[in-house]
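Structural features, examined
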Amino acid sequence: MMLLLSQFTYACELTARINSFPPKKFVDSEGNLAGLEVEIIRAVEQQSGHCINLIEAPWGRSIELLKSGQLDLILNFSHSKEREKFTHYIGPYGLEVMALMVNDYVKFPMENLEDLQHFKGHIGREKNSWQGNTFAHLFETNKKFKERFVEVTSHPQKLAMLKAGRISGAIVQRINASHLIKTSNEYKDFKLLPFDINTTEVYIGASKKTVNSAMAAHLQKTVETLKTNGVLDNIWRKYNLP
């Protein structure tokens, strides 16, 4: 299922999937779409001259839509060899930091990824998500490590399972989860472990089915201009992010 977010629907040539959670997307006090990813895609739209509609969709579903050409762009897209087959990489435009969210009472002195094989309970992660090469290698080669994880279809499902006690931890984007813990009473009894699961550059992924090489090159030049002019840095700083 896809949810169209644009407040005024035009016959836009491109459709982009953005993150569904603050501070990356929210509705401000005047009822307007706002947030880190909303501002980034609007900056790309203005600089490039391409009209871009915004949608929400579960992560795994979004990747399948990108593969098939039913979705043109996806933000917060990390690089992998498998994704190269169907994606132009535009950027990078920033960093993604993944962390482990647990109940506040959990004591788990984690020094490296391999320590997760000793975690008590199960950890939720989204299907088709990417936590880096080291994580992928452990997931494929270390049975005890892999057994710690439960794959889910969406971020809300993962959080619901964590709150209900069906899992003991969840791999999350650090900036989203930090905001949630600080602003929502539902998550005041949770915390993020200090060890980062993965830190990687993120891109705008463009479907090779619908975005040709010339348009991809134009979008790449757009992002580079926004970086050079300081527009992207200003957006990141606005949300107190590096």
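In this report, the structure presented in the accompanying data block is examined. Residue positions are counted from 1 within each chain, in the order its sequence is given. Where local features are concerned, this predicted model is filtered to residues with pLDDT of at least 70; where side-chain atom pairs are given and counted, the filter is 80 or more; whole-chain, interface and lining totals use all residues. The basis for every side-chain value is the complete set of heavy atoms in the structure, and neither hydrogens nor water enter the calculation.

Before going further, it helps to spend a moment on helix α6 (residues 155-164). Note on exposure labels: buried denotes an accessible area under 20% of the residue type's maximum, exposed denotes more than 50%, and partly exposed covers the range between, all computed with a 1.4 Å probe on protein chains only. The way it works is that DSSP assigns letters per residue, a run of H or I at least four long becomes a helix, a run of E at least two long becomes a strand, and they are numbered from the N terminus. Here α6 has its buried residues at H155, K158, L159, M161 and L162. Buried residues of α6, viewed axially, fall in a sector of 160 degrees; they line one side. N-capping of α6 is provided by S154, with a side-chain oxygen placed 3.2 Å from the backbone N of Q157. Just downstream of α6, G165 is the residue with a positive phi angle, here 80 degrees. The directions from the helix axis to the C-beta atoms are what the arc is built from. We define a polar contact as two N or O atoms separated by no more than 3.5 Å, with the added condition that, inside protein, one atom must be a possible hydrogen donor and the other a possible acceptor, whereas residues neighbouring each other in sequence contribute only through side-chain atom pairs.

Moving on: the packing of aromatic side chains. Aromatic contacts are taken between Phe, Tyr and Trp rings whose centres are within 6.5 Å, Trp giving its six-membered ring; a plane angle under 30 degrees counts as stacked, one over 60 as edge-to-face, and the others as tilted. On inspection of all chains with the given rule, the structure shows 11 aromatic pairs. Each ring, one from F135 and one from F145, has its centre 5.2 Å from the other, and the planes form 70 degrees; the classification is edge-to-face. Taken together, the residues span a long stretch of sequence, with F135 in helix α4 (residues 133-141) and F145 in helix α5 (residues 143-147) at a distance of 10 residues. Take F135 and F145: they sit in the same class, and that class is buried. An aromatic cluster is built from W59, F77, Y89 and Y203, whose rings are joined through pairwise contacts. Positioned over the ring face of F77 is R83, at 4.5 Å from the centre of the ring. Directly above the ring of F139 sits R125, whose terminal nitrogen or CZ lies 4.7 Å from the centroid. Counted as over-ring charges are cases with an Arg CZ or a Lys NZ within 6 Å of the ring centre that also lie within 35 degrees of the ring normal.

The subject of this paragraph is the packing of helix α1 (residues 36-48) against helix α9 (residues 231-238). Put simply, α1 and α9 touch, their axes get as near as 10 Å, and they point 165 degrees apart. Between α1 and α9, the angle falls in the class roughly antiparallel. The handedness of the crossing between α1 and α9 is right-handed. Only V231, L232, I235, W236 and K238 of α9 make contact with α1, whose side of the interface consists of L36, E39, I40 and A43. Here, axes are lines fitted to C-alpha atoms. For helices the fit covers the stretch in contact, and angles between N-to-C directions go from 0 to 180 degrees. In these notes the angle categories are as follows: under 35 degrees is roughly parallel, over 145 is roughly antiparallel, 65 to 115 is roughly perpendicular, and the rest is oblique. With the far helix as reference, a near helix turned anticlockwise by less than a right angle produces a left-handed crossing, and one turned clockwise produces a right-handed crossing. Residue contacts follow a heavy-atom distance rule, with two residues in contact if any of their heavy atoms lie within 4.5 Å.

Turning our attention to the pairing of strand β8 (residues 123-126). Taking every second residue as pointing to the same face, both faces of β8 are buried, with I123 and R125 on one and G124 and E126 on the other. Any two strands with at least two DSSP bridges between them are considered paired. Direction of pairing for β8 relative to strand β9 (residues 149-152): parallel, over a ladder of 4 bridges. Opposite E126, over in β9, you have V152 as the bridge partner. Summarising the sheet, β8 and strand β10 (residues 169-173) pair through 2 bridges and their orientation is parallel. Bridged to I123 within β10 is G169.

Our next topic: the state of the cysteines. Cysteine sulfur atoms are paired as a disulfide whenever they come within 2.5 Å of each other. Within the structure shown, the criterion is met by 1 disulfide. Each sulfur of the disulfide joining C12 and C51 lies 1.8 Å from the other. Taken together, the residues C12 in the loop between β1 (3-4) and β2 (14-17) and C51 in the loop between α1 and β5 (52-56) connect sequence positions 39 residues apart. Note on C12: relative accessible area 17%, which makes it buried. Taking the relative accessible area as the measure of exposure, C51 reaches 24% and is therefore partly exposed.

This paragraph deals with the environment of N142. Mapping N142 onto the fold places it in the loop between α4 and α5. Counting along the chain gives 69 residues from N142 to V211, while the straight-line C-alpha distance between them is 38 Å. When near neighbours in sequence (up to four residues on either side) are disregarded, N142 contacts E114 and Q117. Of note is the side chain of N142, whose polar atom sits 3.0 Å from the backbone nitrogen of F145.

This part is about the nonpolar core. Nonpolar core, defined: a set of buried Ala, Val, Leu, Ile, Met, Phe, Trp, Tyr and Cys residues in which side-chain atoms within 4.5 Å join the residues together. Of all hydrophobic cores here, the largest spans 29 residues; its most connected members are I40, L73, L75, Y93, I204 and V211. Per-element accounting of this core gives the leading share, 6 residues, to α1. Ranked by size, the runner-up nonpolar core spans 18 residues in total, among them L116, I123, L138 and F139.

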